[in-house]
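Remarks on the overall topology
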Amino acid sequence: MTDLPFSYHLSVAEVPSHGLTVNLAPDEAQRSALARFLDIPAVHALTAELRIVPEGEGAHVAGRLKARVRQISVVSLEPFDSDLEEEIDVHFAPEEALAARAVDEDDPEAELDQPDAIINGSIDLGHLVTEFLSLALDPYPRLPGEVFETVAEAPEALSPFAELARLKDKS
């Protein structure tokens, strides 16, 4: 696994039976490293409030992250800031329990329903927040109100052979 710029390990054994709330807020150096990792200009702010509740041998993590990030518009190439919010809802099970489960290979959704792994008795909440922040980013960011307009051309003008045909007609 790639070393992630933000990590916060929580031992599942230390989570009380009534659950635990964890608030995460990476510092400036961690946010800067997150921005480089996510290939965006900046992560100005990031907070996550997560509720961890034991679930059999595993755990259930639910909460929300909020972030303010800077991205580059794919239309104008202008940088702009945007606010993101993302719900987090993930079930975890020990690695050994996951290895013992049989996944129905005929059901493409079956693997999506699998819990994430508890590795060495802990959950990396920083990794989880990084993953959900990555999912919240628009892969084609645009400034608010910005629209990508294509140039209307005749279909034959779009063909790579149109210019060759035009040259042939001139001869």
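A brief structural summary. (Residues numbered from 1 in each chain as written. Predicted model: local features only at pLDDT ≥ 70, side-chain atom pairs only at ≥ 80, totals over all residues. Heavy atoms only, no water.)

1. Structural notes on the overall build of the protein chain
What the protein chain contains, in helices and strands, is 5 helices and 7 strands. Reading the helices (α) and strands (β) of the protein chain from amino to carboxyl end gives β-β-α-β-β-β-α-β-β-α-α-α. The long-range share in the protein chain, meaning contacts at least 24 apart out of those at least 6 apart in sequence, stands at 65%. Of the roughly 11300 Å² of accessible surface on the protein chain, a fraction of 52% belongs to carbon and sulfur atoms. (Helix = DSSP H or I, 4+ residues; strand = E, 2+ residues; numbered from the N terminus. Contact = heavy atoms within 4.5 Å. Areas by Shrake-Rupley, 256 points an atom, 1.4 Å probe, with all protein chains shown as cover.)

2. Thoughts on the pattern of salt bridges
On inspection of all chains with the given rule, the structure shows 4 salt bridges. With a shortest N-O distance of 2.5 Å, R64 and E85 are connected by a salt bridge. One end of the pair, R64, is in strand β4 (residues 58-72); the other, E85, is in strand β5 (residues 79-94), and 21 residues separate them in sequence. Here R64 falls in the partly exposed class, since its relative accessible area comes to 32%. (Salt bridge = Lys/Arg side-chain N within 4 Å of Asp/Glu carboxyl O. Buried < 20%, exposed > 50% of the residue type's maximum accessible area, 1.4 Å probe, protein only.)

3. Re the pairing of β5
Judged from the 14 bridges that link them, β4 and β5 form a sheet pairing that is antiparallel. Bridge pairing links V69 to S82 in β5. The hairpin turn running from β4 into β5, its antiparallel successor, is 6 residues long, and L77 in that turn takes a positive phi close to 65 degrees. Summarising the sheet, β5 and strand β6 (residues 116-118) pair through 3 bridges and their orientation is parallel. By the bridge assignment, P94 is partnered in β6 with I118. (Pairing = 2+ DSSP bridges.)

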